[in-house]
Amino acid sequence: MTAVARHPIVVSGYAAVVAALAGLLLAAVAGTAPGDAVNALVEGMAGTPYAIGGSLNSAAVLALIAVGFTVAHRAGLVNVGGEGQLAVGGVAGAAAGLALPESIPAVAGVPVLLIAGFAGGAAWASIAGLLKARRGTSEVITTLLLNFVGLGVLGLAVHEEVFLRQPVTSAETLPQSAPLPAGARLPLIGSAESPATLIVVLAVAAAIVTAVVLRHTATGLRLTSAGFSPAASARLGLPVGRLEAGGLAVAGGLAGTAGACLVATAPYVLAEHFSSGYGFTGLVVGLLARGSLTAVLAVALLFGLLTNGGINLQLAVGVPAATVQIVQSLLVVLVAASLGRKR
Amino acid sequence: MSAIVEEILAGGVRMAAPLLLASAGELVSERAGLLNLSVEAMMLTGAFAGAAGALATGSAVAGVGCAVVAGLLVAALQALLSVTLRADQIVTGITANALALGATTYGARLLFADSGQTLAGFEPLPVPVLSEIPLLGPALFEQSALGYLAFAVAAVLALGLSRRTPWGLAVDAVGEDAVTADRCGLPVRAIRYAAVLLTGAASGLAGAQLALAEVHAFSDNITGGVGYLAVVAVIAGRWRAWPTLLACLFFGVAQALQFAAPAAGLHLPAPVLVTLPYVIALLAVSGLAGRSRAPSALTIPFARTA
């Protein structure tokens, strides 16, 4: 193939067309005319202010995780642990939010919650960072394992009253935390009908700040250097272990912030499956973006739109929401397959 | 008390059987240098195809055949991606799992729409005399036919990995240093394809066991992470056959404890038991509990350079 035909954007274009055709075929097999399916999908993606807000919120969660992934990747590490970092960040955010007095204003409460989330996620990722720096244990395997342990921490927090479970008053008390005080809830942005919250601003800001730091500061250059060649960087006197651990901690911190934001969005409680696979999808977004922060925002937006469109596909015309999951994964497989050989 | 212990052991071995099978397959792949996170996809697709096959033909054995074929198909896709196309193994593995979850959930909507059907399946076959042994008898000798097959296949896969067999030696050579193995004339890609396909067949069989021997039905996401647990067992077993087997049994018993502990009046929070295997694997891989070394070429694709 020629160079143009192999350009990542062209490849992504082919992959999107093939995946979209597969999606239409699946909708048709489930008994829905392609036109109706597309209408329902678009309606769910961006048909109403409510749909737009929901899609933006999902996209922002994915973008935060993927920005973090990109930072760690710059230092030469693959962070597979987004899901666990998100969960622990959510637990930390909820714990901090619930400890706040009921009357606290949002100007003070929200930053506390966000910082707690960042700290929780960063601490969780640092377990893997320390093991990598001290003992050379592969971060791919430790972050993968820490996902499941992190989800266990979340489970324990919401199932036991000693931790964050709301007081059990009857057999119907759900295993979740009490609702956060009003001052710890993320404020809405934009119109009243749209659920879009401050997380959208945070995600865009994180992408911009990260892009500037990676490209225009000495820290960014050091991280990049450690990523390209740990041996050469160490010989130049760079603290490679600390850079690697730091990159991973930032990745965990951003995922943890996303977790805290999810908890501080309606219905404002910490519940067992609040992370719902965002961590893994965020990893895929980061990988597809291949180090470009503009691409992170674009791919995250696409995935956020698809997820919300898929929910409406099931609600409006009865096509299983799994269809969108199939289309998304086909897209990733096709892109990964066509870009693999180049490395 | 001994009745409870017997029950926990029997439940543990029953839950360990599919895990053992998938882990034995995964061990072959990892020793050959491929981190197959798609075991979950292979098991889930196997369980779905097993249930669909048993529904269509009314025969549980035909269902098992379908399950193995389905596991092989997912494995062929994974091998194509990670061996021939040299795509990122972590991305393609996680994505294959998402694809399998989506596809089987979609398929279940179409095929098993009226829920509550019971499929042809396998019943426990106690071995006379041996199943009467106190404590261990019910655990080991009251499996279904598929259960005994699982132990046999897992044992063959594990023994085959011994460095005393040409196959085991070749797998290790490819997984440690593919370039050198290639220079010595070993067919690196063929061996890696074979390893992934073996994983697929074993995982498909493990999936069939979940759907046909334990519950006689398919439900969405029936594997629920057992495939990931199989990968974790290999890590906790430090990439060696016998420790991996022990890890599987231990994980099975930890799962069985979840159900048995409340009956015995013990309050063990479920999340702690569910998480235990991952903590153990973490300790094992970080060298905090014994020495551990992954195959050197794990996740590194092979390309012959001039």
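Residue numbers restart at each chain and count upward from 1, following the sequence in its written direction. Each chain takes a letter, starting from A, and each ligand takes a number, starting from 1, following the order in which they are written. Only residues with pLDDT of 70 or above have their local features reported here, since the model is predicted, and side-chain atom pairs are shown and tallied only from 80 upward, although totals for entire chains, interfaces and linings are computed over all residues.

### Brief notes about the overall build of chain A
So, step 1. In this description a helix means any DSSP run of H or I spanning at least four residues, a strand means any run of E spanning at least two, and both kinds are numbered starting from the N terminus. Per the secondary structure count, chain A includes 13 helices and zero strands.
So, step 2. Helices and strands in chain A line up, N terminus first, as α-α-α-α-α-α-α-α-α-α-α-α-α.
So, step 3. C-alpha atoms define the radius of gyration, and 2.2 Å times the number of residues to the power 0.38 defines the globule rule. Here chain A has a C-alpha radius of gyration of 21 Å; the compact-globule value for 343 residues is 20 Å, and the two agree.
So, step 4. Dimensions of chain A, computed from C-alpha atoms along their principal axes, come out at roughly 65 × 65 × 35 Å.
So, step 5. The exposure label follows from counting other C-beta atoms within 10 Å of a residue's C-beta, where the C-beta atoms are placed from the backbone and the thresholds are 20 or more for buried and 12 or fewer for exposed, leaving partly exposed in between. Out of the 343 residues belonging to chain A, those deemed buried represent 56%.

### Concerning the overall build of chain B
So, step 1. Within chain B one finds twelve helices and zero strands.
So, step 2. The C-alpha radius of gyration of chain B comes to 19 Å, within 12% of the 19 Å expected for a compact globule of 306 residues.
So, step 3. Seen along its three principal axes, the alpha-carbon backbone of chain B occupies a region of about 65 × 45 × 35 Å.
So, step 4. Here chain B holds 306 residues, and the buried ones make up 57% of them.
So, step 5. For chain B, the share of sequence-separated contacts (at least 6 apart) that also reach a separation of at least 24 residues comes to 77%. Residue pairs are scored as contacts if the distance between their C-beta atoms, which are placed from the backbone, is within 7 Å.

### As for the interface of chain B and chain A
So, step 1. Counting residues at the interface gives 35 residues for chain B, matched by 35 residues for chain A.
So, step 2. Among the secondary structure elements, those contributing two or more residues to the side of chain B that touches chain A are helix 4 (89-111), helix 10 (226-236) and helix 12 (270-285) of chain B.
So, step 3. Broken down by element, the side of chain B that touches chain A gets its largest block of residues, 14 residues, from helix 4 of chain B.
So, step 4. Its residues assigned to classes, the side of chain B that touches chain A comprises 24 nonpolar, eight polar and three charged. All amino acids are sorted into three groups, where Ala, Val, Leu, Ile, Met, Phe, Trp, Tyr, Cys and Pro are nonpolar, Asp, Glu, Lys and Arg are charged, and the leftover types, Gly among them, are polar.

### Describing the environment of Ala56(B)
So, step 1. Note that Ala56(B) resides in helix 2 (residues 39-57).
So, step 2. In the structure, Ala56(B) is positioned 63 residues away from Leu119(B) in sequence and 9.6 Å away in space, judged by C-alpha atoms.

### Observations concerning the nonpolar core
So, step 1. Core analysis: the largest hydrophobic core is formed by 236 residues, its most contacted members being Ala63(A), Leu64(A), Ile65(A), Val296(A), Leu19(B) and Ala47(B).
So, step 2. Look past the residues within four positions of Ala47(B) in its chain and what remains in contact with it is Ala67(B), Gly207(B), Ala208(B), Leu210(B), Ala211(B), Phe218(B), Ile222(B) and Thr223(B). A set of buried residues drawn from Ala, Val, Leu, Ile, Met, Phe, Trp, Tyr and Cys, joined through C-beta atoms within 7 Å, is what defines a nonpolar core.

### So, the environment of Gly68(A)
Residues and elements named next belong to chain A.
So, step 1. As for its placement among the helices and strands, Gly 68 is situated in helix 3 (residues 49-74).
So, step 2. Separated by 183 residues in sequence, Gly 68 and Ala 251 have C-alpha atoms that sit 3.6 Å apart.
So, step 3. Those residues in contact with Gly 68 that lie beyond four places of it in its chain are Asn 79, Val 250, Ala 251, Gly 252, Leu 254 and Ala 255.

### Side note on the confidence of the model for chain B
Residues and elements named next belong to chain B.
So, step 1. Scored by pLDDT, chain B has a mean of 86; 95% of the residues are at 70 or more.
So, step 2. Every residue is assigned a pLDDT by the predictor, reflecting its confidence on a scale from 0 to 100. Mean pLDDT values over the elements of chain B span from 71, in helix 5 (residues 136-141), up to 94, in helix 3 (residues 60-84).
So, step 3. Overall fold confidence (pTM) sits at 0.87, and the ipTM for the predicted complex is 0.86.

### A short note on unusual backbone geometry
So, step 1. In this chain, Ala266(A) is followed by Pro267(A) through a cis amide linkage whose omega measures 10 degrees.
So, step 2. Of note, Pro267(A) is situated in the loop between helix 10 (240-263) and helix 11 (278-289).
So, step 3. We note that Asn221(B) has phi near 50 degrees; this positive angle belongs to a residue other than glycine.
So, step 4. Positive phi values are uncommon outside glycine, yet Trp239(B) reaches one of about 60 degrees.
So, step 5. Position of Trp239(B) among the secondary structure elements: in the loop between helix 10 and helix 11 (241-263).
So, step 6. By C-beta crowding, Trp239(B) is classed as buried, having 21 other C-beta atoms within 10 Å.

### Quick word on helix 1 (residues 2-31) of chain B
So, step 1. By definition, a residue's bend is the angle between the axes fitted to the seven residues ending there and the seven starting there. Of all bends in helix 1 of chain B, the biggest is about 35 degrees, found at Ala17(B), and the proline Pro18(B) comes one to four residues later.
So, step 2. Of the residues one or two after helix 1 of chain B, Gly33(B) is the one with positive phi, at around 100 degrees.

### Section: the environment of Val285(B)
So, step 1. Inspection of the secondary structure puts Val285(B) in helix 12.
So, step 2. Sequence separation between Val285(B) and Tyr148(B) is 137 residues; the distance between their C-alpha atoms is 31 Å.

### Here's the deal with helix 12 (residues 293-317) of chain A
So, step 1. In this model, helix 12 of chain A (25 residues) spans 36 Å end to end at C-alpha, consistent with the 36 Å of a helix rising 1.5 Å per residue.
So, step 2. Among the residues trailing helix 12 of chain A, Gly318(A) stands out with phi positive, at a value near 75 degrees. Given a helix with a known number of residues, its expected span is that number minus one, times 1.5 Å.

### Let's talk about the packing of helix 2 of chain B against helix 4 of chain B
Residues and elements named next belong to chain B.
So, step 1. The angle between two axes is taken between their N-to-C directions and runs from 0 to 180 degrees, where each axis is a line fitted to C-alpha atoms and a helix contributes only its stretch in contact. Close contact between helix 2 and helix 4 brings their axes to 8 Å; oriented N to C, the two are set at 15 degrees. The pairing of helix 2 with helix 4 is recorded here as roughly parallel in orientation. Every pair of crossing elements has a handedness; the one defined by helix 2 and helix 4 is left-handed. Listed contacts from helix 4 to Glu 40, Ala 41, Leu 44, Thr 45, Phe 48 and Ala 52 of helix 2 are Ala 96, Asn 97, Leu 99, Ala 100, Leu 101, Thr 104, Gly 107, Ala 108 and Leu 111.
So, step 2. The residue makeup of the contact of helix 2 with helix 4, split by class, is ten nonpolar, four polar and one charged. In this scheme, roughly parallel covers angles under 35 degrees and roughly antiparallel covers those over 145, while 65 to 115 is roughly perpendicular and the rest are oblique. Each crossing gets its hand from how the near helix is turned against the far one by less than a right angle, where anticlockwise is left-handed and clockwise is right-handed.

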